[in-house]
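Next come the chains, spelled out residue by residue.
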Amino acid sequence: MASDACLDDMLSSIGYGQWQVPVLVLNILTHLVIPIHMMGSALLGAPVAFRCAPDFSFLQNSSNLSSLSFWPSNLTSTDPTINRSSADLLYDSKCLDPGAPSHKTISLPVTVGSSEVTWRPTELPSCPWVAYDDSVFVSTVITQWDLICEKEMMRPLFQMMYSIGALFGSLIGGQISDSFGRKIAIQVGVVFNVIGVVALYTVPVYSGALVARVLLGGACNFMVLPAFSLALEISSPKYRTVIGMLLGTSFSIAIILMAGLGFFIRIWDHLMILTAGVPLIVLVPLSFYINESPRWLIHHGRGAEAADIMTRAVAENKVALTETLAADIEGLKERSNDDKKELKEEQQHPKKGLSLWLKESCQGASAYCRSGPLRIILFVTPLIWILQGCLYLGIILNANNFTSNDPIIYITMSGVMDISAILLATPLSMRIGRRVLCLCCFFSSGVFLITDLLVPQDLLWLKFTLVMAALMLLAASFQVIFLYTTELFPTGMRSRGFALANLAGNIGFLVAPMITDLLSQIAPWSVSLTFGAGGIAASSLFLLLPETLHRPLPETILDVEKRHRSTRICRMWRKRTTDSLDDASEIEIGESEALNPTEILCTEKPITGDSK
């Protein structure tokens, strides 16, 4: 197949302009859709204070109010202090004895003083009738389907189902993207997103909502991963790193916009349809307008189509069609015929049976596992992604438990911290390295979260600052790890290694709501302790990984092993007190192998970000 070097040269000549703008807009809109599904549970499924009543028929007689055990003894129907300021007395969020009588009667509002309380029947034995405090949220997932008392354990499922869908979406979406193209995968994701959003808005039962969440989880990963790959594949090497890092800011801005809309819209399904549905109006036609990735076309023997797209790119970016550029484009068409011949010859070979395919796959996996340095990467990287996903999402979902009485302000600040972290991490990752930056970020965030436990409750501003600082550090490392992971694996398994890491990250997303929603009810302090310990544990794992800054991307397993040996030699070399580089040649890494100082990577001239 044709080499990528020719395409990189063409992209460098074309530059970055109008041709790439539609894909850039596509990525921004994709990131606008994700937050409400991924972390919107803090608003959509926020816990709401409630009060249970055994029998609504007694409440229709206001003279019985002060004599009932479920009503505050210091409040009566004529007490003027009953208003929203005394909601903590009115809504105690306590379930009743399951043996209490329950009579199905017509739900009517009860006016007590200046407040109006609306009661409605449920199917819960311990809460036959319920009234919710709608002073903060008019409607949430919890109030719509009465996820209290006996159904309390079902609350985390709303978030977990999205993560389960994302698990399958990352696997299936990656296969579709590699086999049928980035554009097809994005179109499939957009269509299924429309179906999922409409279903979630209209479904009448909670089980149906959970199914819609699984569909949305898979559909979002169908969109975001191919769209991100497409954005990088049509960028020249000069802009690729910056585009990859700064695209994360659109996700952060989307978080802030979601919180801003949540301030005005306190009904969960209205907020969801606005934040998740409106961007799809533009995404649907845009997904059919964008061009396929020329890089993918070249790798699949469709160089003539890639040449047509590059010709269009030259025209749209308004660059001069030089002789070299024209020759490169024409060369794509010529190589396309050769590639088609190669594909035709491959198709003439007997098809491999399932048993032979499994045998070859096992042999390939065995070869990867036999390499010690690569085995460490395969084991450590998924663990880091699990902890990263759990900590990052967990802190955001814990808006109603951590430090802020207003989850909207909490989420807004989360977005601000996210943007600040990405802007700060981009230059730092190019200066101090990926490994050191991620290690420091995880360790510091863990310390901040544990320190939060020691701060008195009356110092809410300090507790809030510690949690936001921890989130900022995690957001910084999150974006860096996206690049770091791809640099760790050799070319032969880079895509599969990244898919494995992404799969592990979704497992972390799956665990996060269990900690924030269930563990916090048992012991509120355990959330900070768990996340803090997780951050410190993740930081220690980076000690097992090599640095990749200014290092060439490994092509083979042998390159990974050489990088591992050179890293060890660099550490030994730096400890020596002599100023002579010739002393480094005396360090032995094998029985007969000695390194020349000019061959040691730690003393080489750094490789620029444009080098491949």
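The following paragraphs examine the structure supplied in this document. (Residues numbered from 1 in each chain as written. Predicted model: local features only at pLDDT ≥ 70, side-chain atom pairs only at ≥ 80, totals over all residues. Heavy atoms only, no water.)

**A look at the environment of Y132**
Okay, so step 1: Of note, Y132 is situated in strand β5 (residues 127-132).
Okay, so step 2: Look at Y132 and you get buried, because its relative accessible area is 12%.
Okay, so step 3: The residues touching Y132, leaving out its near neighbours within four places in the chain, are V48, A49, F50, Y91, R120, I142, T143, D146 and I148.
Okay, so step 4: Here D146 takes part through its side chain, which lies 2.7 Å from a polar atom of the side chain of Y132. (Helix = DSSP H or I, 4+ residues; strand = E, 2+ residues; numbered from the N terminus. Buried < 20%, exposed > 50% of the residue type's maximum accessible area, 1.4 Å probe, protein only. Contact = heavy atoms within 4.5 Å. Polar contact = N/O pair within 3.5 Å; in protein donor to acceptor, adjacent residues only side chain to side chain.)

**Overview of the sheet that holds strand β4 (residues 120-124)**
Okay, so step 1: An order of β1-β5-β4 is seen for the three strands of this open sheet, with the pairing classed as antiparallel. The sheet terminates laterally at β1 (50-53) and β4, the two strands that pair on one side only. Going from strand to strand, the sheet's axes swing by 40° on average, the running direction of each strand aside.
Okay, so step 2: Two elements, β1 and β5, share four bridges in a ladder whose sense is antiparallel. Paired with R51 across the bridge in β5 is A131. (Pairing = 2+ DSSP bridges. Axes fitted to C-alpha atoms, helices over the stretch in contact; angles between N-to-C directions.)

**Considering helix α22 (residues 525-541)**
Okay, so step 1: In this model, α22 (17 residues) spans 25 Å end to end at C-alpha, consistent with the 24 Å of a helix rising 1.5 Å per residue.
Okay, so step 2: Within α22 the residues assigned to the buried category are S526, V527, S528, F531, G532, G534, G535, A538, S539 and L541. (Expected span 1.5 Å × (residues − 1).)

**Regarding the pattern of salt bridges**
Okay, so step 1: Scanning the entire structure with this criterion turns up five salt bridges.
Okay, so step 2: Ionic pairing is found between E152 and R155, a salt bridge with its closest N-O pair at 3.5 Å.
Okay, so step 3: For E152, a relative accessible area of 27% corresponds to the partly exposed category.
Okay, so step 4: R302 is the salt-bridge partner of E305, the closest N and O atoms lying 2.8 Å from each other. (Salt bridge = Lys/Arg side-chain N within 4 Å of Asp/Glu carboxyl O.)

**Some thoughts on the packing of helix α11 (residues 248-264) against helix α12 (residues 268-289)**
Okay, so step 1: At their nearest, the axes of α11 and α12 sit 10 Å apart, and the two run at 145° to each other. Relative to α12, the crossing made by α11 is right-handed. For the pair α11 and α12, contact is made by M258, L261 and G262 and by L271, L274 and T275, respectively. (Left-handed = near helix turned anticlockwise from the far one by under 90°.)

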